[in-house]
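An overview of the molecular structure
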Amino acid sequence: MNIILLGPPGAGKGTQAQRLEAERGMVQLSTGDMLRAAVKAGSPIGLKAKAVMEAGELVSDAIVSALIGERLDGECGAGVIFDGFPRTQAQAEALDLLLSERGRKLDRVIELTVDEQALVDRITGRYTCANCGEGYHDRFKRPSAADTCDNCGGHSFKRRPDDNADTVRTRMAEYRAKTAPILPYYEERGIVARVDGMTSIESVGAAIDGLLAEPAVG
Ligand code: AMP
C-alpha cells in the first residue's frame, strides 16, 4: 500500500506518517526531513536548499524527485507514506514514473483539511526533542515534567528555523498556488479521500485507519 498525505504545513502529515510507520511497518518518506538532513550534513543539495527552505519557498522538482527515487530503491517495508511530496504537478508526474518503473502504484491520496489561521498557531508553537525527535507544542502538548522529554528523558529541544509566522505564510501560499492544484490529477483516478485535520491526533488517525481498511481503489 502506497499513500500520499497531502495538506498544508502543520496539517499533521508528519505526525500521522510517523504513527503509520510505527504501527504498520510502512516507511515514511518525507522530503522535508531528507532536505533538513542534507542541510545539516552540509552536502551539495543541502547547500542549495538551505536559503530556499528558510524563505518558505519550494526546492527544485529535480532535487526532491531524485531524493525520492533513491529512497524508493531502498527498503520500502509494508508500503510507503509520501509526506510533503509531491508538492507540484511536475513532482506528481515524476512520482508516477518513479513508481511505475519499480512496478508499484499509488493506492490512496489522503488530504488533511485544515483552517489556515489555526495552522499558524499550531506551527509557530511546535518544537521537538533534539535527541529523539519526539514532537511537542507550547500550548497543546508540553512534556509532563518541565524541560524533560517524555520519550527519552533528554533535556534539549529545538525549533525549525522555518516555523516562524512570516515563513509559514509563504509556505501556505506555496501550498495554495502549487500543491492544492494537483488534487484534480488524483481525483480523476478516484483515489482521493479527505480527512478533517482539525480534530485530535487520535481522531485523525482513526479516520485514516478507516480509509486504509477499505478495499484498494483506483
Ligand atoms: P516540510 O518539512 O514538508 O514542511 O518541508 C520543509 C521545506 O522543505 C519546505 O518549505 C520546502 O522549502 C522544502 N520542501 C520539502 N519538500 C519539498 C518538495 N516536495 N518540493 C519542494 N520543496 C520541498
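Here the structure is a predicted model, which means the values were calculated and not measured. (Residues numbered from 1 in each chain as written. Predicted model: local features only at pLDDT ≥ 70, side-chain atom pairs only at ≥ 80, totals over all residues. Heavy atoms only, no water.)

**Digging into the packing of helix α1 (residues 13–24) against helix α9 (residues 201–213)**
Two numbers describe how α1 lies on α9: the axes approach to 11 Å, and their chain directions differ by 60°. Accordingly, the angle class assigned to the pair α1 and α9 is oblique. The two elements α1 and α9 meet at a crossing, and its hand is right-handed. Contact with α1, carried on its side by Thr15, Gln16, Arg19, Leu20, Glu23 and Arg24, involves Ile201, Val204, Gly205, Ile208, Asp209 and Leu212 of α9 and no other residues of that element. In the contact of α1 with α9, the residues fall into 5 nonpolar, 3 polar and 4 charged. (Axes fitted to C-alpha atoms, helices over the stretch in contact; angles between N-to-C directions. Helix = DSSP H or I, 4+ residues; strand = E, 2+ residues; numbered from the N terminus. Parallel < 35°, antiparallel > 145°, perpendicular 65-115°, else oblique. Left-handed = near helix turned anticlockwise from the far one by under 90°. Contact = heavy atoms within 4.5 Å. Nonpolar A, V, L, I, M, F, W, Y, C, P; charged D, E, K, R; others polar.)

**Details of the packing of aromatic side chains**
Throughout the structure, instances matching the rule amount to 5 aromatic pairs. Seen from their ring centres, tyrosine 185 and tyrosine 186 are 5.2 Å apart, and the 70° between their planes marks the pair as edge-to-face. For tyrosine 185, a relative accessible area of 22% corresponds to the partly exposed category. Classification of tyrosine 186 as buried rests on a relative accessible area of 0%. The residue whose ring lies beneath arginine 189 is tyrosine 185, and the NZ or CZ to ring-centre distance is 4.9 Å. (Phe/Tyr/Trp six-rings, centres within 6.5 Å; stacked < 30°, edge-to-face > 60°. Buried < 20%, exposed > 50% of the residue type's maximum accessible area, 1.4 Å probe, protein only. Lys NZ or Arg CZ within 6 Å of the ring centre and 35° of its normal.)

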